[in-house]
Amino acid sequence: MKIATFNVNGVRARIDTLIEWIKKTDPDLIALQEIKTREEEFPLSVFTELGYHCYVNGQKSFNGVAILTKTEAQISCKILPGNSEDEQARFLEVYYKRKRFVCIYVPNGNPINTEKFEYKLNWMDRLHEYSRRANESEEEVIILGDFNVIPQHIDCKNPTQWTEDALFDSRVRNKFHLLLNLGYLDAIRVLDESNGIFTQWDYRDRAWEENNGVRIDHILLSPNAADKLKDSWVDTTLRKQEKPSDHVPVWIALSEK
């Protein structure tokens, strides 16, 4: 099973790129973040024609997540537990082929020590509690998306550039590592511990041209899902195209046995 997560930075703005990419790569499941559209405006027919079922948690102009599957899935939740009044579209859970897939778009949190930063910390606390309970279920759980967390120094080209940024703040990184302490596996790092594995490059300051990137898009696997991991990789080819997203797809391949 081929699974990809991709922060598209606007699904309608990237639709031609998505069509070409899907036809070329043929994922079994695609998790999208920052679709930036309401559910009723999501380009459903485009993906249906490509052979996908679509599950969407949208929001006008901001945020928004979606999961596309080759065969029918069961949508189970659109709100991260812990705050029923949270209106930001950042969470989507579906069951597909006896696995629980969770697409997330973690808040950016900048500037540090503002309400936005506190919201990020609280959101990650809710994610931790959700992930703990999900892990106790002993299901195959795959949490994937834009975590807006640079976990380690090797996950960015210039660590000193990020010392005052919410993506690299020690409190944020600690909350990410607490997820790993629950038993979840970082699917990219477990197979490749080298430097220079990035998933996002800013549009400014020639970040792409100088490879000044960060790794903030992740796929975490519960122990039962981790047992089926065959491969993981980052596909940078889309970042080279005209009018790209600032992120690129992150992939895993899972055995279905």
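Whatever comes next refers back to the structure up there.
Here goes a summary of the coordinates provided. (Residues numbered from 1 in each chain as written. Predicted model: local features only at pLDDT ≥ 70, side-chain atom pairs only at ≥ 80, totals over all residues. Heavy atoms only, no water.)

**What to know about the sheet that holds strand 4 (residues 65-69)**
Judged by pairing direction, the sheet is mixed, and its 6 strands sit side by side in the order 3-4-2-1-14-13 without closing on themselves. The open sheet has two edge strands, strand 3 (53-57) and strand 13 (229-234), and neither has a second partner. On average, each strand axis in the sheet is inclined to that of its neighbour by 15°, with strand direction left out of account. By the bridge criterion, 4 bridges tie strand 1 (residues 2-7) to strand 14 (residues 250-254) in an arrangement that is antiparallel. Note that in strand 14 the partner of Ala-4 across the bridge is Trp-251. (Pairing = 2+ DSSP bridges. Helix = DSSP H or I, 4+ residues; strand = E, 2+ residues; numbered from the N terminus. Axes fitted to C-alpha atoms, helices over the stretch in contact; angles between N-to-C directions.)

**Quick look at helix 1 (residues 15-25)**
Of all the residues in helix 1, the buried ones are Ile-15, Thr-17, Leu-18, Trp-21, Ile-22 and Thr-25. End-on view of helix 1: buried residues confined to an arc of 150°, all on one side of the axis. Helix 1 presents Asp-16, Glu-20, Lys-23 and Lys-24 as exposed residues on the side facing more than 90 degrees away from its buried surface. The inward-facing, buried residues of helix 1 contact strand 1, strand 2 (29-33), helix 2 (44-49) and strand 14. A positive backbone phi angle near 55° is found at Asp-26, which sits one or two residues after helix 1. (Buried < 20%, exposed > 50% of the residue type's maximum accessible area, 1.4 Å probe, protein only. Arc of directions from axis to C-beta. Contact = heavy atoms within 4.5 Å.)

**A few points about the packing of helix 3 (residues 115-136) against helix 4 (residues 170-181)**
At a minimum axis distance of 10 Å, the contact between helix 3 and helix 4 shows a crossing angle of 10°. Our classification of the angle between helix 3 and helix 4 gives roughly parallel. The segment helix 3 lies against helix 4, with Phe-117, Lys-120, Leu-121, Met-124, Asp-125, Leu-127, His-128 and Ser-131 engaging Arg-171, Val-172, Lys-175, Phe-176, Leu-178 and Leu-179. A per-class count over the contact of helix 3 with helix 4 returns 8 nonpolar, 2 polar and 4 charged. (Parallel < 35°, antiparallel > 145°, perpendicular 65-115°, else oblique. Nonpolar A, V, L, I, M, F, W, Y, C, P; charged D, E, K, R; others polar.)

**A word on the pairing of strand 1**
As a general feature of sheets, a regular strand has side chains that alternate between the two faces. Of all 6 residues in strand 1, 5 are buried, a share of seventy percent or more. Bridge count for strand 1 against strand 2 is 5 bridges, and the pairing is parallel. Counted as the bridge partner of Asn-7 is Gln-33 from strand 2. For the handedness criterion, the β-α-β arrangement of strand 1, helix 1 and strand 2 is classed as right-handed. (Right-handed = clockwise from strand over helix to strand, strands pointing away.)

**Re the sheet that holds strand 5 (residues 74-77)**
A sheet is described by the order of its strands in space; here 6 strands give the open sequence 5-6-7-8-12-9, paired in mixed fashion. Lying at the two open borders of the sheet, with one neighbouring strand each, are strand 5 and strand 9 (185-186). The pairing of strand 9 with strand 12 (residues 217-221) spans 2 bridges and is classified as antiparallel. Bridged to Asp-186 within strand 12 is Leu-220. Along the sheet, helix 3 contacts strand 6 (91-96), strand 7 (99-105) and strand 8 (141-146); its crossing angle with strand 7, the most-contacted strand, is approximately 175°. Where helix 4 meets the sheet, it contacts strand 9 and strand 12, and its direction lies at approximately 25° from that of strand 12.

**Thoughts on the environment of Lys-157**
Assignment of secondary structure puts Lys-157 in the loop between strand 8 and helix 4. Residue classification places Lys-157 among the partly exposed residues on the basis of a relative accessible area of 41%. It is 9.2 Å that separates the C-alpha atoms of Lys-157 and Ile-197, two residues lying 40 residues apart in sequence. Setting aside anything within four residues of it in sequence, one finds Lys-157 in contact with Phe-198, Glu-210, Asn-211, Asn-212 and Gly-213. Among the polar contacts listed, one links the side chain of Lys-157 to the backbone oxygen of Glu-210, at a separation of 2.5 Å. (Polar contact = N/O pair within 3.5 Å; in protein donor to acceptor, adjacent residues only side chain to side chain.)

**What to know about the environment of Pro-223**
Counting through the fold element by element, Pro-223 comes out in helix 5 (residues 223-226). Residues Pro-223 and Ile-143 lie 80 residues apart in sequence; the distance between their C-alpha atoms is 12 Å.

**Focus: the pattern of salt bridges**
Any two side chains of opposite charge can pair, on the condition that their charged atoms come close. Scanning all chains against the criterion turns up 21 salt bridges. Between Asp-125 and Lys-175 there is a salt bridge whose closest N-O contact spans 2.6 Å. On the criterion of sequence distance, the pair formed by Asp-125 in helix 3 and Lys-175 in helix 4 is long-range, its members being 50 residues apart. Residue classification places Asp-125 among the partly exposed positions, given a relative accessible area of 37%. Among the ionic pairs, Arg-215 bridges to Asp-155, the shortest N-O distance being 2.8 Å. A residue pair is termed long-range when its members are at least 10 positions apart, and Arg-215 in the loop between strand 11 (213-214) and strand 12 and Asp-155 in the loop between strand 8 and helix 4 qualify at 60 residues. By the burial criterion, Arg-215 is buried, and Asp-155 matches it. One network of salt bridges, in which partners are shared, links Glu-129, Arg-132, Arg-133 and Glu-136. (Salt bridge = Lys/Arg side-chain N within 4 Å of Asp/Glu carboxyl O.)

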